[in-house]
Amino acid sequence: MCCLLSFTGTSIIQVTARDADDPTYGNSARLVYAITHGQDYFSVDPQTGVLRTAVPDMDRETQDEYLVVLQAKDMGGHLGGLSGTTTVTVKLSDVNDNPPHFRRSAWSFSVSELAAPGVEVGRLTATDPDLGENAQLEFTILDADEAEIFNITGRDQELLDYETRNSYTFTVEVANPIVDARYLRKGPFKDQATVRIMVLNADEPPRFSQARYHLDVSENCPPVCSVGRVYAVDPDTGQSTNIRYSVDPQSDPEALFRIASDTGFISTVMELDREQEQWHNITVIATQRDNPNLVSRVVVAIETLDQNDNAPELDRQYTTSVCDSSAPGQVLQVLRAIDRDQGGQDTPVHFSIPPESSSALNLTIRETGGSVTASLVLQSALEPLPGFSSSLLTLYVPVVLRDGASGLTNTGTVTVTICPCLRGGIHMVLCGHVSLFCPLVVCALSLSLRHQKRDSHSPFEEDDVRENIISYDDEGGGEADTAAFDITALQSINRGWPLGAEPARTEAAKTQPLRMEDLLNFRLDQVTFDLSQPPYDSLQTYEFEGRDSRAESLSSLESDGEKDSARVVGGMEELNQKFQRLET
């Protein structure tokens, strides 16, 4: 059993004995308790069997366990009575009644000045005879300055320097963090000792004046351009004369910088461009001349400062299109400029078309009020393009961009395609896409040509395919009347170009006249492979028939504008015969 350190008479345990005799018969079953061993420290109540302490302030540190032998005797303890015994083990529980103590009052250690933070310098020991949390110890350096350099568990973060200070003396205190107020009278539960630490001199590597350097240099500065200086000394002598500087080649693979080996001045080897790389991080090595094994390294961050040396430019290649019937004032394209200089997007950019450019006759630049945007605007009406659907005009419009701050200029190009869109109110072409208006019979006939060729070597190149859409305000004389209009106007595709510019035609406009099948395939390819084109879902009327068709031409008009009188006589009767031939 356990008991706390206590006063005299503190109850420990109650023991109970049993007697099988009849308790109503005399004293045979009346029991009396007594201690036969351990009576110097304990007592027992003879009637109740309660075991108590007989002395005050029992000390666990002196003896922590006692064996007590108890006896129970019947007949009221008189002579002739029978008895029995039991043993009680009494263990004393601990209380914090002892202060800690250093084993020595003075301690002495030594450490090299090159010791890294966290290296153990020495070990202090203190004792406390208590147990468990009552024996916990806390060490404290009482001197504030030394507490910044040393701590009890290891070296702090500050480096030692023999040349600055070669010894440290301070006081260390040890104390119990948990104190029992009942025993404060026994004195303070702490102890103190003096510690002296000697710093041993060592040959140290060079020491830089800064842990990291930040230098800067302007871009475009011609070599040799000074960047800045690093500085290191020999800690043993405090001098820098025996220090040699160099740049770690791995940190500067392009060899952009060099350093004076004696002075530490850094300079550029070539001009730097901030737009290519703004920061350069190099490593400088300081070596002690009399001992090359002693080296130190430091990172030098070099920032390239910006100069306004880049002209603004278009942010991308612009390609747009416009109908030849568009009205003046139409915005063709919104342009945006970029400036690669630092803060370039905050500097206004001025857009213009050179006055000597032929594009300036019909196009102009309208600045939108933003610092880097403008609009390409149609200034005057365009001259209509020829009616043939593939007649497109491509203009390359020069746009001059001028930096509002530095005056630097750059010229970009905007590609503008002019398309024939409206003819007499009929939509013919939507910027590169053919719109066909054709009767069902003629369309079916043109598609069947691929399966009804009589001669695979026929000279299709001679077929003069022409669009035959005519607008007129008077009533004609019918199929036989060819005097109401001049067919030669449809055959002439060489007309004046707008803007006074040389046209850049598409491939279809430069080749020989196309047959119907090739024309359809050409327009279909444009839609298939150019995602910027609108859907190919328009129609156009064609009043001709290829020469290889079994039905021959459905029109009474020949491509050369002349009339064959022998073929016109039949009138509508002849046309009916041709449609009958198509059905067969």
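Residues numbered from 1 in each chain as written. Predicted model: local features only at pLDDT ≥ 70, side-chain atom pairs only at ≥ 80, totals over all residues. Heavy atoms only, no water.

**Observations regarding the side chain of serine 326**
Here is the rule we go by: Helix and strand labels come from DSSP, where a helix needs a run of H or I of at least four residues and a strand needs a run of E of at least two; each type is numbered from the N terminus. The buried label goes to any residue with under 20% of its type's maximum accessible area, the exposed label to any with over 50%, and the partly exposed label to all in between, with areas taken from a 1.4 Å probe on protein chains only. A 3.5 Å cut-off defines polar contacts: any pair of N or O atoms within that distance qualifies, except that in protein one atom must be a possible hydrogen donor and the other a possible acceptor, and neighbouring residues in sequence count only when both atoms are side-chain atoms.
Take serine 326: it is sitting in the loop between β24 (318-323) and β25 (331-338). Here serine 326 falls in the buried class, since its relative accessible area comes to 11%. Separated by 2.9 Å, the side chain of serine 326 and the backbone oxygen of cysteine 323 make a polar contact. Separated by 3.1 Å, the side chains of serine 326 and glutamine 330 make a polar contact.

**Comments concerning the sheet that holds strand β11 (residues 138-141)**
Operational definition: At least two DSSP bridges between two strands are required for those strands to pair. An axis is simply a line fitted to the C-alpha atoms; with a helix, the fit covers only the stretch in contact. Between two such axes, the angle follows the N-to-C directions and lies from 0 to 180 degrees.
Taken together, four strands build an open sheet; the order of strands is β9-β13-β12-β11 and the sheet is mixed. A strand with exactly one partner marks an edge of an open sheet, and here the two such strands are β9 (106-112) and β11. When the angles between neighbouring strand axes are averaged without regard to direction, this sheet yields 30 degrees. One ladder, built from four bridges, connects β11 with strand β12 (residues 167-175); its direction is antiparallel. Opposite glutamate 138, over in β12, you have alanine 175 as the bridge partner.

**Concerning the side chain of serine 267**
Using the following cut-off: It only takes one pair of heavy atoms within 4.5 Å for two residues to be counted as in contact.
By the secondary structure assignment, serine 267 is in strand β20 (residues 265-268). Note on serine 267: relative accessible area 11%, which makes it buried. Sequence-distant contacts of serine 267, defined by excluding residues within four places in its chain, comprise Val224, Cys225, Ser226, Val227, Leu256, Phe257 and Arg258.

**Some thoughts on the nonpolar core**
The condition is simple: What we call a nonpolar core is a set of buried Ala, Val, Leu, Ile, Met, Phe, Trp, Tyr and Cys residues that are connected through their side-chain atoms within 4.5 Å.
Counting 25 residues, the largest nonpolar core has Leu335, Phe351, Ile365, Leu376, Val414 and Val416 as its most contacted members. Going through the elements one at a time, β24, β25, β26 (349-352), β27 (363-367), β28 (373-378), β29 (393-403) and β30 (409-419) are the ones with two or more residues in this core. Per-element tally for this core: the top contributor is β29, with five residues.

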